[in-house]
Structure formats: C-alpha cells, structure tokens
Amino acid sequence: MGRVTLSEEFFDPLMAAAVYDPDPSFCRWFVEPALYVFGRRRVMTALLGYLRTGTTAEIAGARRAWYCAHLSLSADRSPAYAPSGSRDPALDEVDDVVDQWLRSSSNRQ
C-alpha cells in the first residue's frame, strides 16, 4: 500500500466492493486499504449496517468482509502504526461494534 490517505469519496465504494465481491479472499483488497485509511471502527460499522439492513446477498458479503476486517495492521504498511505513529486509537476501538455484530448476527440466524 503506497498511500496512507484516500479521499473520503472512496469509503463507500470500497465497502460496497468488499461486500459485493463473491470471492472471500479477494474482498480483502477492498477492506485492507479502508482499514488503514478510515480505521477498523468505521469499516466494521459499515459492515454492521449491511448485516442489519442488507439483502441476503449483502448480508453474506458483509460476513465475508467481516473476516477480513480483523486483519493485523502493521507499521511497514503505514507509518501511523509505527511505535511513534500518530494514529488516533479511537479509529480502531471496536469492542462495542463487535458486540453489536454478534447480537445482530445471532438475530439473523
């Protein structure tokens, strides 16, 4: 990943591409840059939205992408993750979003 920033206008298309891509391993190519640029919290919140209100296909896609949203992020991919990096930790705090996902997912079974 050469860039550590993306324009805001890329977020929704990245999430849609991740959800609509039928290949579970290929959706990573859309989720990973969104994680680095927009934060794990925002990515997971968007996927939660698909889980809650999406079509059957979107729900399946959100579940595939959710797996990729747990990728480890590293300093060699973005200087923001180096020990001296300047990333707001709130961008990656997701405990409450994970809890919501689990509740919503169990309601969808």
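Within each chain, residues carry numbers counting from 1 in the order of the written sequence. In keeping with the model being predicted, local features are shown solely for residues with a pLDDT of at least 70 and side-chain atom pairs are shown and tallied solely at 80 or more, while totals for entire chains, interfaces and linings include all residues. Note that the side-chain values use all heavy atoms of the structure and ignore hydrogens as well as water.

1. Quick look at the confidence of the model for the chain
Of all residues in the chain, 83% have pLDDT values of 70 or greater, and the mean over the chain is 87. Within a predicted model, pLDDT stands for the predictor's per-residue confidence, ranging from 0 to 100. Secondary structure elements follow DSSP: runs of H or I no shorter than four residues count as helices, runs of E no shorter than two count as strands, and numbering proceeds from the N terminus. Highest mean pLDDT in the chain belongs to helix 1 (residues 11–20) (97); lowest belongs to helix 5 (residues 95–108) (90).

2. A few points about the side chain of Arg40
Position of Arg40 relative to the elements: it lies in helix 3 (residues 40–53). Asp92 provides the closest opposite charge to the buried, unpaired Arg40, separated from it by 4.7 Å. Here Arg40 is in contact with Leu35, Ala69, His70, Leu71, Leu73, Arg87, Leu91, Asp92 and Val94, once residues within four sequence places are set aside. Throughout this description, buried means an accessible area under 20% of the type-specific maximum (1.4 Å probe, protein chains only), exposed means over 50%, and partly exposed covers the range between. A residue counts as positive if it is Lys or Arg and as negative if it is Asp or Glu; His and the chain ends are not included. Salt bridge criterion: a side-chain nitrogen from Lys or Arg within 4 Å of a carboxyl oxygen from Asp or Glu. Pairs of residues are marked as contacts when any of their non-hydrogen atoms sit within 4.5 Å.

3. Topic: the packing of aromatic side chains
Each aromatic pair joins two rings of Phe, Tyr and Trp (for Trp, the six-membered one) with centres within 6.5 Å, and gets the label stacked for planes under 30 degrees apart, edge-to-face for over 60, and tilted for any other angle. One pass over the full model with this rule turns up three aromatic pairs. When the ring of Trp66 is compared with that of Trp101, the centres are 4.0 Å apart and the planes differ by 5 degrees; the resulting orientation is stacked. Highlighted residues: Trp66 in helix 4 (residues 56–68) and Trp101 in helix 5, separated in sequence by 35 residues. Residue classification places Trp66 among the buried residues on the basis of a relative accessible area of 9%. Lysine NZ or arginine CZ positioned within 6 Å of the ring centre and within 35 degrees of the ring normal marks a charge as sitting over the ring. Sitting over the face of the ring of Phe11, Arg42 holds its NZ or CZ atom 3.9 Å from the ring centroid.

4. Notes on the pattern of salt bridges
The full count for this structure, using the stated rule, is three salt bridges. For Arg42, the salt bridge is made with Glu8, and the minimal N-O distance between the two is 2.3 Å. Highlighted residues: Arg42 in helix 3 and Glu8 in the segment before helix 1, separated in sequence by 34 residues. For Arg42, a relative accessible area of 31% puts it in the partly exposed group. The exposure class assigned to Glu8 is partly exposed, which follows from its relative accessible area of 47%.

5. Overview of the side chain of Ser105
Positionally, Ser105 belongs in helix 5. Among residues more than four places away in sequence, those in contact with Ser105 are Leu51 and Arg63.

6. Re the nonpolar core
The nonpolar core is taken to be a set of buried Ala, Val, Leu, Ile, Met, Phe, Trp, Tyr and Cys residues, with the residues joined through side-chain atoms within 4.5 Å. Within the largest apolar cluster, 30 residues are counted, with the highest numbers of intra-cluster contacts made by Met15, Val31, Val43, Leu47 and Trp101. Where this core is concerned, the elements lending two or more residues are helix 1, helix 2 (28–38), helix 3, helix 4 and helix 5. When residues of this core are assigned to their parent elements, the largest contribution, seven residues, is made by helix 3. Those residues in contact with Leu47 that lie beyond four places of it in its chain are Val19, Ala62, Ala65, Trp66, Ala69 and Trp101.

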